[in-house]
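Topology and contacts: notes
This is what each chain is made of:
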Amino acid sequence: MTAPSAGTRALEALNLQECWGLLTRDTIGRLAYTNGDRPTILPINYVVSGNDVLLRTDPGSALATAIEGQVVAFEIDRIDRTTHSGWSVVVVGHVTTEDLTNQPPRPSLAGLEPWAEGGRGLLIRIEVDAISGRRLVPPLPEPRKRRSR
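Residues numbered from 1 in each chain as written. Predicted model: local features only at pLDDT ≥ 70, side-chain atom pairs only at ≥ 80, totals over all residues. Heavy atoms only, no water.

**Some points on the overall build of the protein**
Helix and strand counts for the protein come out as two helices and eight strands. Taken from N to C terminus, the helices and strands of the protein fall in the order β-α-β-β-β-β-α-β-β-β. Sorting the 149 residues of the protein into buried and exposed places 33% on the buried side. On the protein, roughly 9,800 Å² of surface is accessible, and the fraction owed to carbon and sulfur atoms is 51%. (Helix = DSSP H or I, 4+ residues; strand = E, 2+ residues; numbered from the N terminus. Buried < 20%, exposed > 50% of the residue type's maximum accessible area, 1.4 Å probe, protein only. Areas by Shrake-Rupley, 256 points an atom, 1.4 Å probe, with all protein chains shown as cover.)

**Quick look at the pattern of salt bridges**
Taken as a whole, this structure holds six salt bridges when the rule is applied. Linking Arg-30 and Asp-77 is a salt bridge whose minimum nitrogen-to-oxygen distance equals 2.5 Å. Here Arg-30, found in strand β2 (residues 28–35), pairs with Asp-77, found in strand β6 (residues 71–80); they are 47 residues apart in sequence, far enough to count as distant. On the basis of relative accessibility, which here comes to 30%, the residue Arg-30 falls in the partly exposed class. For Asp-52, the salt bridge is made with Arg-125, and the minimal N-O distance between the two is 3.0 Å. With Asp-52 in strand β5 (residues 52–57) and Arg-125 in strand β8 (residues 122–137), this residue pair connects regions lying 73 residues apart in the sequence. (Salt bridge = Lys/Arg side-chain N within 4 Å of Asp/Glu carboxyl O.)

**Quick look at the environment of Tyr-33**
Among the structural elements, Tyr-33 can be located in strand β2. Sequence-wise, Tyr-33 and Ile-67 are 34 residues apart; in three dimensions their C-alpha atoms are separated by 6.9 Å. The residues touching Tyr-33, leaving out its near neighbours within four places in the chain, are Arg-38, Pro-39, Thr-40, Leu-42, Leu-63, Ala-66, Ile-67 and Val-72. (Contact = heavy atoms within 4.5 Å.)

**Let's talk about the side chain of Asp-52**
Of the residues examined, Asp-52 reaches a relative accessible area of 16% and is grouped as buried. In terms of polar contacts, Asp-52 uses its side chain to reach the side chain of Arg-125, at 3.0 Å. If we skip the residues at most four places from it in the chain, Asp-52 touches Trp-20, Val-47, Arg-125, Ile-126, Glu-127 and Val-128. (Polar contact = N/O pair within 3.5 Å; in protein donor to acceptor, adjacent residues only side chain to side chain.)

Okay, structure coming up:
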């Protein structure tokens, strides 16, 4: 990628380490999946465990029914509306589920407590097949013009 010139923004790809670093530092993202014949995007809290993204939901929910065995996308981002800069990370992977309703708490799930009321006894594991990210960097400042004397 070429260096941006003054006053322009550059869109740059994040490397694998940067993507995982950003993913492990956040706790809220958006899950994209197909529900019947319709695309659906849902904000949800998560944790990273190894190379998997873990979520929780109610075992009887529409989400649980729709995603079992499916390929899904999961996205996190940060946007600065003032500088028009930011980044995003997207993972794509296969979903497996596990009913945790009558199991003791697991240390690996710390931080994955549900924000909404109700049962969230179904663990959703996104086994990450691909991860990518990009960053939009703010423009370089315009060079200062020298005043003549």
